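Listed below are the residues making up each chain.
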Amino acid sequence: MRLRIVVTAIAALLATASAAWAQADYPNRPVRLIVGFPPGSSADIAARVVGNRMSQLLGQQVVVESKPGAASSIAAAEVARAPKDGYTLFMLSSANIANELINPALQFNIVRDFAPVALVNTTAVILTVHPSTGASDLKGLIALAKAKPGELNYASTGPGTAPHLSGELLAQRAGIKIVHVPYKGSPEAATDLLAGRVSMMFSPASAVIAQGKEGKLKLLATATGKRLSILPDVPTMAEAGMPDFETSIWFGLVAPSGTPRPVIDKLAKAVADSTATPEVAKAWEPQGILPLSAGPDEFGRYIAAEIKRWSMVAESAGLKK
């Protein structure tokens, strides 16, 4: 009996030592970074820029994989089931927060199944319309929608995403009826908006800035606290006549819950060092993307605050599950 206890104790010590060594040696092979939106989307742009810099800092390639669908929930579910070793990560976004609040079919829970690593960036949201609407400002758009209830439709990057809830919030605040048309991501939504197949969209800035500057789309207002430096002539929603209307699309890295804290901390440092480099900021600025800085604990508190915030919006819009 005593020999068995000794052997068991030795085995436990060896397992602990092995796990500690594996963490100290992390990463010793490529790391997968799963994105729930298609190539060319804001999430994809964010992941590839920061992933490239992280590859240099970690000494192992961070491989970005796009797996769009269900407002990023398909990708999220895959990562939630992945090994807890730090080799499969997920680009969490505000879309996942909102989607969890309105979709009863999800098979994962953000707080329970993911370990926060670090906030990465935020993307401005811009209220954009097709020129054929004839609306030149927010007041004109609202007047048009009131004159044609249910005839204007708006695109989003999927049910429960910030563009979706922004549209619902606008409808609620303005007392108008507009029809939601969901897409898999911003590239598809922006394409149909550009073609005039949808009337309007609260779009990630990266998807519409160039077309707005070329006059192919009309940028009515930014859902930000202040004007964007790259779009100095575009007013904020508050300036356009709707105060206290601020939304954004943020992205942050998470790992499967249970991933060792030393691995989480090493990844968090790599993210922080990456987003602090001038090269990364320079790559993101033309897209209306701004770096953010928050480690595991602060990011966890941020997620909790976002759940509370969007829960109130979803409930007010009658969308909460």
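Quick summary incoming for the structure in this document. Computed from a prediction, not measured in an experiment: that's the story for all the values here. (Residues numbered from 1 in each chain as written. Predicted model: local features only at pLDDT ≥ 70, side-chain atom pairs only at ≥ 80, totals over all residues. Heavy atoms only, no water.)

Description of the layout of surface pockets
The volume enclosed by the largest pocket comes to roughly 350 Å³. Lining the largest pocket are 19 residues, with Thr122, Ala124, Thr224, Leu228 and Leu290 positioned closest to its centre. Contributing elements (two or more residues each) for the lining of the largest pocket: β4 (114-129) and β10 (289-294). If you tally residues by element for the lining of the largest pocket, the top one is β4, at three residues. For the lining of the largest pocket, the per-class residue count stands at six nonpolar, eight polar and five charged. (1 Å grid on protein atoms, 1.4 Å probe; cavity = no way out; pocket = protein on both sides within 12 Å on 5 of 7 lines; lining within 4 Å. Points joined across faces, edges and corners; volume = space filled by probe spheres on them. Helix = DSSP H or I, 4+ residues; strand = E, 2+ residues; numbered from the N terminus. Nonpolar A, V, L, I, M, F, W, Y, C, P; charged D, E, K, R; others polar.)

Comments concerning the packing of aromatic side chains
Counted under the stated rule, the structure contains six aromatic pairs. Between tyrosine 26 and tyrosine 87, the ring centres sit 5.0 Å apart and the planes meet at 65 degrees, which makes this aromatic pair edge-to-face. Taken together, the residues span a long stretch of sequence, with tyrosine 26 in the loop between α1 (2-24) and β1 (31-35) and tyrosine 87 in the loop between α3 (73-80) and β3 (88-93) at a distance of 61 residues. Of the two residues, tyrosine 26 and tyrosine 87, both sit in the buried class. Relative to phenylalanine 114, the ring of phenylalanine 90 has its centre 5.9 Å away and its plane inclined at 25 degrees; by these criteria the two rings are stacked. In this pair, phenylalanine 90 is assigned in strand β3 and phenylalanine 114 in strand β4, connecting sequence segments 24 residues apart. Across the pair, exposure class does not vary: phenylalanine 90 and phenylalanine 114 are buried alike. Every member of this aromatic cluster is reached through a ring pair, and the members are Phe90, Phe108 and Phe114. Between the NZ or CZ atom of arginine 29 and the centre of the ring of tyrosine 87, over which it lies, the distance is 3.6 Å. (Phe/Tyr/Trp six-rings, centres within 6.5 Å; stacked < 30°, edge-to-face > 60°. Buried < 20%, exposed > 50% of the residue type's maximum accessible area, 1.4 Å probe, protein only. Lys NZ or Arg CZ within 6 Å of the ring centre and 35° of its normal.)

Quick notes on α3
By the criterion of burial, α3 is predominantly enclosed, with six of the eight residues buried. Within the sequence span of α3, burial applies to Ser73, Ala75, Ala76, Ala77, Val79 and Ala80. Those residues of α3 that are buried lie in contact with β1, β3, α4 (94-102), α5 (110-113), β4 and β9 (248-256). (Contact = heavy atoms within 4.5 Å.)

Considerations on the side chain of serine 72
Following the sequence through the fold, serine 72 ends up in the loop between β2 (62-66) and α3. The exposure class of serine 72 is buried, given its relative accessible area of 0%. A polar side-chain atom of serine 72 sits 3.5 Å from a polar atom in the side chain of asparagine 96. Contact partners of serine 72, with chain neighbours within four places excluded, come to Gly36, Phe37, Phe90 and Asn96. (Polar contact = N/O pair within 3.5 Å; in protein donor to acceptor, adjacent residues only side chain to side chain.)

A word on the packing of helix α2 (residues 42-58) against helix α10 (residues 261-275)
Running from N to C, α2 and α10 cross one another at 120 degrees; their axes reach a closest spacing of 9 Å. Classified by the angle their axes make, α2 and α10 are oblique. As for the relative orientation of α2 and α10, their crossing is right-handed in sense. Of the residues in α10, those in contact with Val50, Arg53, Met54, Leu57 and Leu58 of α2 are Lys266, Leu267, Ala270, Val271, Asp273, Ser274 and Thr275. Grouping the constituent residues of the contact of α2 with α10 by class yields seven nonpolar, two polar and three charged. (Axes fitted to C-alpha atoms, helices over the stretch in contact; angles between N-to-C directions. Parallel < 35°, antiparallel > 145°, perpendicular 65-115°, else oblique. Left-handed = near helix turned anticlockwise from the far one by under 90°.)

A word on the pairing of β1
With four of five residues buried, β1 is to be regarded as a mostly interior element. Here β1 runs beside β2; their pairing, made up of five bridges, is parallel. Across the sheet, residue valine 31 finds its bridge partner in β2, namely valine 62. At this point the chain moves from β1, through α2, to the parallel β2, and the crossover so formed is right-handed. In the sheet, β1 pairs with β3 via three bridges, with the strands oriented parallel. Within the sheet, the bridge partner assigned to leucine 33 lies in β3 and is leucine 89. (Pairing = 2+ DSSP bridges. Right-handed = clockwise from strand over helix to strand, strands pointing away.)

Remarks on the pattern of salt bridges
On inspection of all chains with the given rule, the structure shows 13 salt bridges. Where arginine 32 meets glutamate 78, a salt bridge forms, and the shortest distance between an N and an O atom there is 3.0 Å. With arginine 32 in strand β1 and glutamate 78 in helix α3, this residue pair connects regions lying 46 residues apart in the sequence. Judged by its relative accessible area of 26%, arginine 32 is partly exposed. Connected through salt bridges with shared partners, the residues Arg32, Glu65, Lys67 and Glu78 form a single ionic network. (Salt bridge = Lys/Arg side-chain N within 4 Å of Asp/Glu carboxyl O.)

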